[in-house]
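Single-letter residue listing:
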Amino acid sequence: MDMARGPRLTMKLDEKAAHFTASVFFDWRLLPFDIQGSIAHVTMLSEQGIIKTDDAHTIITGLKQVLEEWQAGQLSPRLEWEDVHMNVEGRLNEIIGPVSGILHTARSRNDQVALDMHLYMLDAGLRLKALLYDMIAALVDRAHEDLDVIIPGYTHMQAAQPVLLSHHWMAYKSMFVRDYARLEEWYERTNCSPLGAGALTGTPYPTRPERTQELLGLKVVYDNSIDAVSDRDFLMEFLSWASLTMVHMSRLAEELVLWSTQEFGYIRIADEYSTGSSIMPQKRNPDVAELTRGKTGRVIGRMQGLFTTMKGLPLAYDSDMQEDKEAVFDVVDTLDGILTVVPAMLRTLRVQRERILKRLGNDYTAATDLADLLVAKGMTFREAHHLVGKIVGFLEGLGKGFHDVDRDWLKDVAPAIDPQWLQHLRPAELVAKRQQSMATAPQRVKEQIDAAKIWLSRHKESATENA
Ligand code: ARG
């Protein structure tokens with residue numbers, strides 16, 4: 001039976017064209033959502049008296065069997081049935097016979113596929129929300145654990161000022177909390193049913209789209225049938241969200257790669273999340289972090305791909321839109337993977353405190369604070385900046401830091417600087433002075449962590465619902 005080829009198409013579709021146009025090999029994962037939509041549709045049709053109750057019952061029983069076969073891995077996609085929707089109907093026909101022909105009454109594949117994608121995305125969205133929540137929790141755990149560690153903070157990738165490592169982890173926490181909020185807002189907008197739009201104008205049957213929406217547990221129905229079948233905003237918005245989230249992931253991954261180098265040595269990624277080299281026995285490669293960074297390109301590419309596909313399309317449905325699936329599925333799979341392993345990698349990495357201490361003793365990250373001390377004695381900040389810059393230049397030449405500078409030498413080159421000050425330039429003192437609520441003083445960072453823990457407990461239930 002060829003459901004979409006009536007008397008207008010007397011010749012069989014060319015074999016190669018069939019392969020080219022079919023989506024069944026990649027939309028197969030939509031099957032449970034397709035059946036969920038069909039059951040709601042048939043239920044509504046019988047409630048409205050559009051089809052007989054007995055027929056509805058037969059169809060629903062048959063659909064449930066198709067789903068069971070799919071779940072048991074007994075069903076294979078069939079090319080002659082083009083896509084998942086017609087595969088379901090085709091298989092249903094084999095099970096219940098000609099009654100299956102009633103299923104597609106008052107419906108088009110255009111509103112059907114739009115509905116399937118909404119249901120799929122809402123399901124994936126809940127799962128990703130739970131994973132993102134765990135990512136945030138992992139960062140907060142790290143911040144809690146590493147409160148005693150001070151690292152050089154960087155600007156321009158040059159050591160700038162000492163900062164708590166926890167403060168650095170918490171910066172990523174803030175980024176992912178924004179991503180979490182954006183995901184929730186997207187979810188609200190996506191929670192909308194297009195079913196009932198038919199091909200594009202609605203249908204002449206007395207259907208009730210509000211009823212199928214309610215049966216499916218969706219929040220509202222589209223307010224315009226043309227928009228309902230043409231809209232892929234919810235997918236493009238998802239891909240934009242995913243791209244931004246991945247940019248955050250990628251920046252973190254880049255720092256983990258850098259910090260785990262022999263040159264930095266700030267962290268050691270656990271064996272479970274490191275790979276070896278097939279030739280160089282000394283290596284511990286940070287593959288998980290590298291691939292997280294690498295896959296960001298793929299996610300942004302998928303976003304650009306779908307935006308480019310959509311930008312020239314006239315209303316309403318066009319087959320170009322079939323391209324949405326591989327883009328979105330690939331991104332969902334990619335994020336599922338990354339958000340599963342990265343929190344675990346974070347939780348198991350080891351911070352190399354001795355290495356960091358040694359590094360911090362040899363740099364000039366106290367320079368701003370030394371200049372500030374001169375300002376306190378009446379110098380303008382510009383003059384102080386200049387003088388400290390000169391001294392750092394000299395010290396660099398001598399291979400010395402602020403802590404092991406010769407005091408007599410210092411008196412000679414910079415009489416304005418009291419050598420006593422140098423003992424107040426220890427990293428712990430410098431961070432403690434930064435007391436703004438957003439700043440790096442340990443007390444403030446502790447408060448930020450406490451606030452994040454409250455956020456986590458407030459969101460725990462909603463993050464894990466149905467995930
Ligand atoms: N496989 C199609 C898609 O993924 C389903 C909708 C087809 N609709 C149509 N009128 N040809 O978009």
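Check the entry above for the structure.
Note that the structure is predicted; figures quoted are calculated from it, not measured.

Asker: Before we move on, could you go through the overall build of the protein and cite the residues and values that matter?
Answerer: Check the secondary structure of the protein and you find 18 helices and 6 strands. The C-alpha radius of gyration of the protein comes to 30 Å, more than 25% above the 23 Å expected for a compact globule of 467 residues. With respect to the principal axes defined by its C-alpha atoms, the protein has extents near 100 × 50 × 40 Å. Looking at the protein as a whole, 49% of its 467 residues qualify as buried. Long-range pairs, those at least 24 residues apart, make up 77% of the contacts in the protein between residues at least 6 apart in sequence. In the form shown here, the protein has an accessible surface area of approximately 22900 Å², with 53% of it arising from carbon and sulfur atoms.

Asker: Outline the pattern of salt bridges, supporting the account with residue identities and numerical values.
Answerer: Pairing is possible between side chains of opposite charge, provided their charged atoms come close. According to the stated counting rule, one finds 29 salt bridges in the structure shown. Measuring nitrogen to oxygen at the nearest pair gives 2.7 Å for the salt bridge that ties R109 to D83. Here the residue R109 occupies a position in helix α6 (residues 109-145), and D83 occupies one in the loop between α4 (53-71) and α5 (84-96), the gap between them amounting to 26 residues. A salt bridge links R127 to D336, with the nearest nitrogen and oxygen atoms 2.9 Å apart. Taken together, the residues R127 in helix α6 and D336 in helix α12 (residues 324-348) connect sequence positions 209 residues apart.

Asker: Hey, could you go over the side chain of D146 for me, with residue numbers and the actual values?
Answerer: Position of D146 relative to the elements: it lies in the loop between α6 and β1 (150-155). Leaving out residues up to four positions away in the same chain, D146 has contacts with L165, S166, W169, V351 and R353.

Asker: An account of unusual backbone geometry is requested, with residue identities and associated values reported.
Answerer: For the bond from L315 to A316, the omega torsion is 5°, close enough to zero to count as cis. By the element assignment, A316 lies in the loop between α11 (287-310) and α12. A positive phi is found at H156, a non-glycine position, where the angle reads about 55°. Along the chain, H156 turns up in the loop between β1 and β2 (158-164). Note on H156: relative accessible area 76%, which makes it exposed. Positive phi outside glycine occurs at M157, with the angle close to 60°. Residue placement: M157 occurs in the loop between β1 and β2.

Asker: Give me the lowdown on the nonpolar core, citing residues and values where you can.
Answerer: By size, the foremost hydrophobic cluster in this structure holds 118 residues, and its most contacted members are M135 and W169. The leading source of residues in this core is α6, at 19 residues. Non-local contacts of M135, meaning those with residues more than four positions away in its chain, are made with F176, M249, L252, L339, V342, P343 and L346. Listed in part, the 21 residues of the second largest apolar core include L370, V392, A414 and L425.

Asker: Describe the pairing of β2, with residues and values.
Answerer: As judged from the 6 bridges shared by β1 and β2, these two strands associate in the antiparallel manner. What sits directly across from I150, in β2, is L164. In sequence, β1 turns back onto β2 through a hairpin of 2 residues, with H156 there showing a positive phi of about 55°.

Cut-offs applied
- Residues numbered from 1 in each chain as written.
- Predicted model: local features only at pLDDT ≥ 70, side-chain atom pairs only at ≥ 80, totals over all residues.
- Heavy atoms only, no water.
- Helix = DSSP H or I, 4+ residues; strand = E, 2+ residues; numbered from the N terminus.
- Rg over C-alpha atoms; globule rule 2.2 N^0.38 Å.
- Buried < 20%, exposed > 50% of the residue type's maximum accessible area, 1.4 Å probe, protein only.
- Contact = heavy atoms within 4.5 Å.
- Areas by Shrake-Rupley, 256 points an atom, 1.4 Å probe, with all protein chains shown as cover.
- Salt bridge = Lys/Arg side-chain N within 4 Å of Asp/Glu carboxyl O.
- Core = buried A, V, L, I, M, F, W, Y, C linked by side-chain atoms within 4.5 Å.
- Pairing = 2+ DSSP bridges.

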